[in-house]
Amino acid sequence: MTSPSTAPSINMAENKLEAIRYRDGQLSIINQLKLPLVTEYDAISSVQDGWDAIREMRVRGAPAIAIVAALSLAVELHKRTFASAGDAAAFIKTSLDHLRTSRPTAVNLFEAANKLEALSAKLAAQEGATAQQVVAGTLAKIEGMMAADIADNRAIGKHGAEAILAKTGKDKVRILTHCNTGSLATAQYGTALGVIRCLHELGSLDHAFCTETRPYNQGARLTAYELVTEKIPSTLVADSMVSVLMKEKDISAVVVGADRVVANGDTANKIGTYQIAIAAKHHGVPFYVAAPITSVDLDLPDGSHIVIEERKGDELTHIFGKRLAAPGINTWNPAFDVTPASLITGIVTERGVVKKPDGAPEFDMHAFVQETRDQKRI
Ligand SMILES: CSC[C@H]1O[C@H](OP(=O)(O)O)[C@H](O)[C@@H]1O
């Protein structure tokens, strides 16, 4: 499945980091387990290949997971033939059911799967529907996902940059982020890292700080890679340095991504986000979550209902396959934590920044989604 390549991950023509390559039914992804030392694209030729890449975290990041899952289905739809519209819809449903089991916490995958399943069932139920119509309609929806995600990320970047500059009243800001929420976690540009990119484009970024993000090191490996590649002034810190960083380095705001934002604004994000939010509260640093509406789960009332993925202890005990922890030690490796709404200043989406109603400790995501429904594209 792996096709080692020395091709650069930067598309020099557009100066864009291309983590997901999809052309005419052919899909490949950068193997993020090997970054930043090796840039290698893995071919994804089936739904099972997509599932494996997501489970093994060769591709990760909430929007990227949803997009690669859907595109892995698109790859199969390009190759297969079906006897009837019903057969095509049944295959799509079975594939999506399988893809839903790859990783549990990021809601984007489930949101995309639900939409695609509903669409294919609707197409198949139409009078005289053919398999080709079901496949073509589903493919069009899937193939539009990347463009929609890039547009959403650019809008998130703009809203987030404006909100941070307004809140801090500063011309130039110093931003801390956690994990990787950039081009590697999305179709391109990124969510929280998109806000940092936008501040940089506006000439309003003094400096970005990224955490290592143990145990998987998305910050040290991936965010640092994106920041250095784009020549954004930036510094890497260990997760354990966040409080002293806020005390001594004049951090203007924190902006992080999200895997699931529930109805009251409680937010599941990469493990370690919660302690950064607590430190931000203590130091009076505004704390923003940046995420597309596809990361909002209105079905869950608060964060206690979010299923948190637990991953293998090897991610803690080993780095690049090399053991660093004492053999025999027990491990606990939750991949995400939940930051309570009370610690969050604002939730930046493509439709604007959600704020708490006056004096309220929590957000009303239902009201925000309802009010902004007309702006919905996908
Ligand atoms: C914009 S990506 C959101 C999210 O995804 C990351 O998780 P993982 O690397 O485990 O897939 C992280 O929590 C990011 O903030």
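Here's a quick rundown of the structure. In this convention, every chain numbers its residues from 1, walking through the sequence in written order. Selection of residues for local features in this predicted model requires a pLDDT of at least 70, selection of side-chain atom pairs for listing and counting requires 80 or more, and totals for whole chains, interfaces and linings are taken over all residues. Just so you know, side-chain values use all the structure's heavy atoms and leave hydrogens and water out.

## Overview of empty space enclosed by the protein
Link 1 in the chain: Cavities and pockets were defined on a 1 Å grid built from protein atoms only: a cavity is a group of points that admits a 1.4 Å probe but offers it no way out, a pocket is an open group of points flanked by protein on both sides within 12 Å along at least five of seven lines, and a lining residue is one with an atom within 4 Å of any such point. Grid points are joined across faces, edges and corners, and a volume is the space filled by probe spheres set on the points. If you walk through the whole model with that rule in mind, you get three cavities of 30 Å³ or more.
Link 2 in the chain: Taken as a whole, the largest cavity holds about 200 Å³ of empty space.
Link 3 in the chain: Looking at the largest cavity, it is lined by 25 residues, and the ones nearest its centre are Arg60, Gly61, Ala62, Asn180 and Asp259.
Link 4 in the chain: Of all the secondary structure elements, the ones that give two or more residues to the lining of the largest cavity are helix H2 (62-79) and strand E12 (267-270).
Link 5 in the chain: Under the DSSP-based scheme used, a helix requires at least four consecutive residues in state H or I and a strand at least two consecutive residues in state E, with every element numbered from the N terminus. Among the elements that make up the lining of the largest cavity, the one with the highest residue count is H2 (three residues).
Link 6 in the chain: Per-class residue counts for the lining of the largest cavity are 12 nonpolar, nine polar and four charged.
Link 7 in the chain: Of the domains in this structure, domain 1 (10-148) and domain 2 (155-375) are the two that each give at least three residues to the lining of the largest cavity.
Link 8 in the chain: Taken as a whole, the second largest cavity holds about 60 Å³ of empty space.
Link 9 in the chain: Taken together, Met57, Pro215, Tyr216, Gln218, Lys270, Ile271, Arg311, Glu315, Asn333, Pro334 and Ala335 form the lining of the second largest cavity.
Link 10 in the chain: Under the scheme applied, nonpolar residues are Ala, Val, Leu, Ile, Met, Phe, Trp, Tyr, Cys and Pro; charged residues are Asp, Glu, Lys and Arg; polar residues are all the others, including Gly. Residues that form the lining of the second largest cavity fall into these classes: six nonpolar, two polar and three charged. In this document the domain limits rely on a domain assignment from an automatic tool or a database.

## A look at the sheet that holds strand E14 (residues 296-297)
Link 1 in the chain: If DSSP finds at least two bridges between two strands, the strands pair. Across the sheet, four strands lie side by side as E14-E11-E12-E17; this open sheet has mixed pairing. Strands at the two margins of the open sheet, each flanked by one partner only, are E14 and strand E17 (336-339).
Link 2 in the chain: Examined bridge by bridge, strand E11 (residues 260-262) and E12 share two bridges and lie antiparallel to one another. Within the sheet, the bridge partner assigned to Arg260 lies in E12 and is Ala268.
Link 3 in the chain: Any pair of residues with heavy atoms lying within 4.5 Å of one another is described as a contacting pair. Throughout, an axis means a line fitted to C-alpha atoms (over the contacting stretch in the case of helices), and angles, computed between N-to-C directions, take values from 0 to 180 degrees. On the sheet, helix H9 (residues 273-283) packs against E12 and E17 and is oriented at approximately 35° with respect to E17.

## Describing the site of the ligand
Link 1 in the chain: For the ligand, the set of nearby residues contains 18 residues, the closest of which are Gly61, Gln218, Asp259, Asn269 and Lys270.
Link 2 in the chain: Nitrogen and oxygen atoms within 3.5 Å of one another constitute a polar contact, given that in protein one can donate a hydrogen and the other can accept it, and given that sequence-neighbouring residues count only through two side-chain atoms. Measuring from an oxygen atom of the ligand, one finds a side-chain N or O atom of Asn269 at 2.5 Å.
Link 3 in the chain: One of the side-chain nitrogen or oxygen atoms of Lys270 is found 2.7 Å away from an oxygen atom of the ligand.
Link 4 in the chain: The protein chains shown are the only cover counted for residues, whose accessible areas, like all others here, come from Shrake-Rupley with a 1.4 Å probe. In isolation the ligand has 400 Å² of accessible area, and contact with the protein removes 100% of it.
Link 5 in the chain: Each molecule is assigned to a cavity or pocket provided more than half of its atoms lie within 2 Å of the corresponding grid points. Put simply, the ligand lies in the largest cavity. Nearness is judged by heavy atoms alone; a residue qualifies as near a molecule or strand once a single heavy atom is within 4 Å of it.

## Focus on helix H7 (residues 218-229)
Link 1 in the chain: Helix span is expected to be 1.5 Å times the residue number reduced by one. Taking 1.5 Å of rise per residue, 12 residues should cover 16 Å, and H7 covers 15 Å from first to last C-alpha, within 8% of that figure.
Link 2 in the chain: Most of H7 sits inside the fold, with nine of its 12 residues counted as buried.
Link 3 in the chain: Partly exposed describes any residue whose relative accessible area lies between the buried limit of under 20% and the exposed limit of over 50%, with all areas from a 1.4 Å probe on protein chains only and scaled to the type maximum. The set of residues buried in H7 consists of Gln218, Gly219, Arg221, Leu222, Thr223, Ala224, Tyr225, Glu226 and Leu227.
Link 4 in the chain: Just downstream of H7 lies Lys231, where phi reads positive at about 55°.

## Some thoughts on unusual backbone geometry
When glycine is set aside, most residues are seen to have a negative phi, and most peptide bonds are trans.
Link 1 in the chain: Along the chain, Leu35 connects to Pro36 via a cis peptide bond; the corresponding omega equals 5°.
Link 2 in the chain: Secondary-structure assignment places Pro36 in the loop between strand E5 (26-30) and strand E6 (41-44).
Link 3 in the chain: Across the junction of Arg214 and Pro215, the peptide omega takes the value 5°, indicating a cis bond.
Link 4 in the chain: Note on placement: Pro215 falls in the loop between strand E8 (205-211) and H7.
Link 5 in the chain: At Met57, a residue that is not glycine, the phi angle is positive and equals roughly 60°.
Link 6 in the chain: As for its position among the elements, Met57 is in the loop between helix H1 (47-55) and H2.
Link 7 in the chain: Positive phi, close to 75°, is recorded for Tyr189, a residue that is not glycine.

None of this, on its own, says anything about what the molecule does.
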